[in-house]
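Letter by letter, the chains look like this.
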Amino acid sequence: MRTLAYRDVVDAIKNMVIYATTHLGEDMLQALKRAYEEEESPVSKAVLAQLLENAKLAATQNKPLCQDTGLAVYFVKVGEDLRIEGGGLKEAIYEGTERGYREGYLRASTCDCFTRENLKEKVGYNLPPVIYFDIVPGDRLEIEYAAKGGGSENASRARVLAPAQGIEGIKEFVKEVVSDAGPNACPPYTVGVGIGGTFDYAAVLSKHALYREVGSVNPDPELAQLEAELKEELNKLGIGAMGMGGTQSVLAVHIETFQPGRMCHIASLPVAVNIQCHSARHAHISL
Amino acid sequence: MAEYRLTTPLSDADVTQLKAGDIVYLNGTLYTARDAAHKRLVELIERGEPLPFDLQGAVIYYVGPTPPKPGEVIGSAGPTTSYRMDSYAPILIEHGLKGMIGKGRRNEAVKEACKRYKAVYFGAVGGAGALLAQRIKAAKVIAYEELGPEAIRELVVEDFPVVVVNDVYGNDLYEAGRRQWAKV
């Protein structure tokens, strides 16, 4: 049994939160540069230039890339042979999140659904986070983090299709969601598509698909081809950067299925589309 | 597409020259307000009570900035999605509001109010919060401090860059841009 100190987990999460919200990942920088080079509309090209300039400025000044520093969303894999010493793992994630958001001068964006009262006093600064735990063999702790903004969540959707609708039905649904998102959710988008499992799990898969490195190839060749086809078709919508019209509406499409077996119920075809804005702030740590 | 440099408060003449797609550099004062503050402003108007700032010719910026670090004027300060303010905007426009800055589509009621009362909707680049903060030279909370990031702030800006999305003639940059570049 390997042990990990509670304090080390808190510090690692805090540092990850502050770094990820101020430094755009190398994969995203490359994707935005490529979009800038390929964009045909001068207006959208100018927007992309501003986004690259913003990323440079944020990193230099350690200033948040965007004022919406999101809900903190974690996917956590805990090794069966790992024990946290000095406190609970969930508690450590809460404390690391709160300290990261507070000490990094990030925005506290959690509120009561009904009264809309900010939860920073009642629950904690930008608490609670959303956490998905998984237990895996081994003695490591893997934590994936995203600062997920409200605008792009508002444009996301889940639907259970009839099996007969098949791949064509999935494509139509993805196109519908991205077309409706249009200028609202800060394009160019990364589009996370979750397929399979249950109604709820398809949405979790669509969220997790966004943590994949932008521009990486799906290991399932059939899905890799579907991703490429979808990207090409979505870029024909003409949305452009910030919706001002252009050829670069989508940076990547990432599809994730329920494993093993790309499973779903014999009666269902659940599909969810999670939209990611161009300020895709993701990071992971392995302890 | 033309470029303009305008100073607030905006007049009818200022806004009627603008067309969707024009680039505008705003100078002077902007007021920040999001959903919660809009709700309160509309309630004040309905009760016939004075607003915390003068609405005549005013420009409202839909933003909830991050907290400033010590020594900073403001934290990151890019636009939030505008449709959440659609149900409140027309009554503010009717009472003198001349400009709104945000991102994303507006509904027909807002576009109609822009035409009837001569107001414009500007888009700023969402997700460019660090860059836009550089154009903000002063910031102070003037109302509803308890709303935190959603409080009403008075911002002094220099050459704050925006694009005209909805003009007083009913044009819409998002629709026009998509029509021009769509291949389906």
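Conventions and cut-offs
Residues numbered from 1 in each chain as written. Chains lettered and ligands numbered in written order. Predicted model: local features only at pLDDT ≥ 70, side-chain atom pairs only at ≥ 80, totals over all residues. Heavy atoms only, no water. Contact = heavy atoms within 4.5 Å. Buried area = accessible area lost by both parts, 1.4 Å probe. Salt bridge = Lys/Arg side-chain N within 4 Å of Asp/Glu carboxyl O. Polar contact = N/O pair within 3.5 Å; in protein donor to acceptor, adjacent residues only side chain to side chain. Helix = DSSP H or I, 4+ residues; strand = E, 2+ residues; numbered from the N terminus. Nonpolar A, V, L, I, M, F, W, Y, C, P; charged D, E, K, R; others polar. Domains from an automatic or database assignment. Axes fitted to C-alpha atoms, helices over the stretch in contact; angles between N-to-C directions. Parallel < 35°, antiparallel > 145°, perpendicular 65-115°, else oblique. Left-handed = near helix turned anticlockwise from the far one by under 90°.

## Comments concerning the interface of chain B and chain A
- Contact with chain B, which involves 42 residues of that partner, is made by 47 residues of chain A.
- Interface of chain B and chain A: buried area, both sides summed, is about 3,600 Å²; carbon and sulfur atoms make up 59% of it.
- Our count for the contact surface shared by chain B and chain A stands at one salt bridge.
- Counting across the interface, chain B meets chain A through 19 residue pairs in polar contact (both at pLDDT 80 or more).
- Breaking the side of chain B that touches chain A down by element, the ones donating at least two residues are α5 (129-133) and α6 (173-181) of chain B.
- With five residues, the single largest contributor to the side of chain B that touches chain A is α6(B).
- Taken together, the residues of the side of chain B that touches chain A sort by class into 22 nonpolar, 13 polar and seven charged.

## Quick notes on the domain arrangement of chain A
Residues and elements named next belong to chain A.
- For chain A, the assigned domains are domain 1 (2-20 + 65-148) and domain 2 (150-286).
- For domain 1 versus domain 2, the separation of C-alpha centres amounts to 25 Å.
- A buried area of about 1,700 Å², summed over both sides, lies between domain 1 and domain 2, and 56% of it is on carbon and sulfur atoms.
- On the domain 1 side of the contact with domain 2, F75, E144 and K148 bury the most area, a combined 36% of that side's loss.
- Viewed at the interface, domain 2 and domain 1 are joined by one salt bridge.
- For K148, the salt bridge goes to E153, with nearest N and O atoms at 2.8 Å.
- Taken together, the links from domain 1 to domain 2 amount to 12 residue pairs in polar contact (both at pLDDT 80 or more).
- Listed by contribution, the elements that provide at least two residues to the side of domain 1 that touches domain 2 are α1 (6-22), β2 (71-79) and β5 (141-148).

## Here we look at the packing of helix α6 (residues 166-181) of chain A against helix α8 (residues 221-234) of chain A
All names here are of chain A.
- Taken N-terminus to C-terminus, the directions of α6 and α8 make an angle of 40°; their axes are 11 Å apart at the nearest point. Considering the angle they form, α6 stands oblique to α8. Crossing of α6 over α8 shows right-handed handedness. In this structure, α6 contributes I167, K171, V174, K175 and V178 to the contact, and α8 contributes L226, E229, L230, E233 and L234.
- For the contact of α6 with α8, the per-class residue count stands at six nonpolar, no polar and four charged.

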